[in-house]
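The residues making up each chain are set out below.
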Amino acid sequence: MTAATISGVIPLPYRVAGRREDTADTVTLELDRDGEGLPEFGPGQFAMLTAYGIGEVPISVSGSRGTRLIHTIRAVGAVTRALCATRSGDVIGVRGPFGTRWDVGAAAGHDVLVVAGGIGLAPLRPVVECLLADRRAYGHVAVLIGARRPGELLYPGDLRRWAAHVRVDVIVDRAEPGWRGRVGLVTGLIPAAGVDAGRAVAYVCGPEVMMRATARALVDRGVQAERVWLSLERAMRCGAGWCGHCQLGPLLICRDGPVVGYPVAEPLLTVREL
Ligand SMILES: Cc1cc2nc3c(=O)[nH]c(=O)nc-3n(C[C@H](O)[C@H](O)[C@H](O)COP(=O)(O)OP(=O)(O)OC[C@H]3O[C@@H](n4cnc5c(N)ncnc54)[C@H](O)[C@@H]3O)c2cc1C
Ligand code: FES
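Note that the structure is predicted; figures quoted are calculated from it, not measured. Numbers given to residues run from 1 along each chain, matching the order in which its sequence is written. For naming, the first written chain is A and the first written ligand is 1, with later ones following in the order written. Only residues with pLDDT of at least 70 get local features here, since the model is predicted, and only at 80 or more are side-chain atom pairs given and counted; chain-wide, interface and lining totals rely on the full set of residues. No hydrogens and no water enter the side-chain calculation; it runs on all heavy atoms of the structure.

Enquirer: I'm lost on the layout of surface pockets in this one. Help?
Expert: The gaps left among the atoms become clear once a water-sized probe is rolled over them. Cavity and pocket criteria rest on a 1 Å grid covering protein atoms alone: a 1.4 Å probe that fits but cannot get out defines a cavity, protein on both sides within 12 Å along at least 5 of 7 lines defines an open pocket, and an atom within 4 Å of a point defines a lining residue. Grid points are joined across faces, edges and corners, and a volume is the space filled by probe spheres set on the points. Approximately 1,300 Å³ is the volume found for the largest pocket. Lining the largest pocket are 48 residues, with R74, I119, G120, G206 and E233 sitting closest to its centre. Only DSSP runs of H or I reaching four residues or more are called helices, and only runs of E reaching two or more are called strands; each is numbered from the N terminus. Elements with a minimum of two residues in the lining of the largest pocket: β4 (55–60), β6 (68–74), α2 (78–84), α3 (121–133), β9 (141–147) and α5 (208–220). A per-element tally of the lining of the largest pocket places α5 first, with six residues. Split by residue class, the lining of the largest pocket holds 25 nonpolar, 14 polar and nine charged. When residues are assigned to domains, the lining of the largest pocket turns out to be shared by domain 1 (12–98) and domain 2 (105–269), each giving three or more. Considered as a void within the structure, the second largest pocket measures approximately 290 Å³ in volume. Lining the second largest pocket are 17 residues, with S62, G63, S64, P126 and E129 positioned closest to its centre. Every element with two or more residues in the lining of the second largest pocket is listed here: β5 (63–65), α3 and α4 (156–163). The residue classification treats Ala, Val, Leu, Ile, Met, Phe, Trp, Tyr, Cys and Pro as nonpolar and Asp, Glu, Lys and Arg as charged. All others, Gly included, are polar. Boundaries of every domain are those given by an automatic assignment or by a domain database.

And the structure:
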């Protein structure tokens, strides 16, 4: 069997080749495979990452470089804490790629809004990189980012680089000494984003409450619901549509999501996770 054929079943060992502490609880890992790697991950897709001896969790791809996989992980429980604690040279198991993608190509010719809350910027980072790679194919592009506090803002270097090509606006829930930016909710950035709502495509990722409020605000301003895309989250086991663990209404989020259109997501966003 090749790596591609077993990619959905058996975790392949990847080596931690790079590690950056983004914030107090969030780490970006760069993973290399010695030998045949997994098939290419698209923007929005996720891997099942195994911390050997602890467990396995779904984590979106936040970037890639050749065959190198990049993941940004927030430590919230046993497995994510173990993944964040890995060091250069440690080995992590990887299965994937799983799930649906952000269809960035479909936004060609349109204005684009990328709206991120907290760790939700990680799955959206490849979207912004795709937009920049073909910048002239898109109209006005605005990246709106919300964080709980300034110290939790991800990728400050990327934000500065992106701001040379697209609009980047940041807002925090709570200011800290020295913060001179906006304070409030990310939806507060939408009115001044400068996009033409009638021709805009939006990609939104963050906590469910943030996605619900953002998608509603966008539609209220005239963005077509069919052009608003969200990334849904549910606890997962197999990641590949076999076990039913990630069922949400009629969807298996690992297979039919995580990226879904707002018309599909809207009635499901009121369903609480079991
Ligand atoms: C498709 C998909 C993509 C994802 N991409 C990323 C990613 O790129 N980066 C990332 O850091 N996480 C991502 N997640 C979330 C990640 O999978 C969970 O944080 C992880 O499964 C938690 O496992 P654990 O064993 O560490 O914690 P658990 O023991 O499962 O949880 C510990 C505590 O944290 C709470 N918790 C669980 N998940 C979350 C969460 N997402 N946010 C806040 N609290 C939570 C639990 O309710 C519990 O109280 C993604 C999830 C999905 C479904
Ligand atoms: S996690 Fe098994 S079906 Fe989705």
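Picking up after the structure, the text goes on.
Enquirer: Teacher, can you tell me more about the UniProt feature "domain: FAD-binding FR-type" (unreviewed entry) in the chain here?
Expert: UniProt positions are given in the numbering used here, feature names are shortened, and annotations may be inferred rather than shown by experiment. UniProt annotation of "domain: FAD-binding FR-type" (unreviewed entry) refers to residues 9–104 when read in the numbering used here. In residues 9–104, helix accounts for 7% and strand for 51%; the two terminal C-alpha atoms are 28 Å from one another.

Enquirer: Would you mind showing me how to read α5 here?
Expert: To estimate the expected span of a helix, subtract one from its residue number and multiply by 1.5 Å. The end-to-end C-alpha separation of α5 is 18 Å, in line with the 18 Å expected for 13 residues at 1.5 Å each. Where α5 is buried, its residues contact β8 (111–117), β12 (200–205), β13 (228–231) and α7 (262–265). Downstream of α5 by one or two residues, G222 has phi in the positive range, about 110°. We call two residues in contact whenever any of their non-hydrogen atoms come within 4.5 Å of each other.

Enquirer: How should the packing of aromatic side chains be read in this particular structure?
Expert: Aromatic ring pairs: the centre-centre distance and the angle between the two ring planes describe each pair. Geometry of aromatic contacts follows a simple scheme: Phe, Tyr and Trp rings, the Trp one being its six-membered ring, pair when their centres are within 6.5 Å, and the pair is stacked under 30 degrees between planes, edge-to-face over 60, tilted otherwise. As enumerated under the stated definition, the model contains two aromatic pairs in all. The interplanar angle of 40° and the centroid separation of 5.7 Å between the aromatic rings of F46 and F98 together place this pair among those described as tilted. One end of the pair, F46, is in strand β3 (residues 46–51); the other, F98, is in strand β7 (residues 91–98), and 52 residues separate them in sequence. Ring geometry for W102 versus Y203: centroids 5.8 Å apart, planes at 85°, classification edge-to-face. Pair noted here: W102 is in the loop between β7 and β8 and Y203 is in strand β12, with a separation of 101 residues, a long-range link. What makes W102 buried here is its relative accessible area of 2%. For every residue, the accessible area obtained with a 1.4 Å probe (protein chains only) is divided by the maximum for its type, and the residue is called buried under 20%, exposed over 50%, and partly exposed between those limits. We classify Y203 as buried; its relative accessible area is 0%. To sit over a ring, a charge needs its Lys NZ or Arg CZ within 6 Å of the ring centre and within 35 degrees of the ring normal. The ring of Y155 carries R125 above its face, with NZ or CZ at 4.4 Å from the centroid.

Enquirer: What exactly am I supposed to notice about the UniProt feature "binding site: [2Fe-2S] cluster" (unreviewed entry) in the chain here?
Expert: The UniProt entry lists C238, C243, C246 and C254 under the feature "binding site: [2Fe-2S] cluster" (unreviewed entry), expressed in the numbering used here. A maximum C-alpha distance of 10.2 Å among these annotated residues, which run over 17 residues, shows that they cluster at one spot. Residue position: C243 is located in the loop between β13 and β14 (247–248). You can call C243 partly exposed: its relative accessible area is 42%.

Enquirer: What is the right way to look at the domain arrangement of the chain in this model?
Expert: If you check the domain split of the chain, you get domain 1 (12–98) and domain 2 (105–269). Relative placement of domain 1 and domain 2: their C-alpha centres are 22 Å apart. On the side of domain 2, 21 residues touch domain 1, which itself brings 21 residues to the contact. Interface area, domain 1 with domain 2, both sides summed: about 1,500 Å², of which 62% is carbon and sulfur. Note: buried area is the sum, over both parts, of the accessible area (probe 1.4 Å) each one loses when the two are combined. Of all residues in domain 1, the largest losses of buried area upon contact with domain 2 belong to P43, F46 and S62, amounting jointly to 25% of the total for that side.

Enquirer: Which parts of the structure should I look at to understand empty space enclosed by the protein?
Expert: Evaluated as defined, the whole model comprises one cavity of 30 Å³ or more. Taken as a whole, the largest cavity holds about 30 Å³ of empty space. Lining the largest cavity, in full, are G118, L121, I145, G146, A147, E152, L153 and L154. Per-element accounting of the lining of the largest cavity gives the leading share, three residues, to β9. Along the lines of polarity and charge, the residues of the lining of the largest cavity split into five nonpolar, two polar and one charged.

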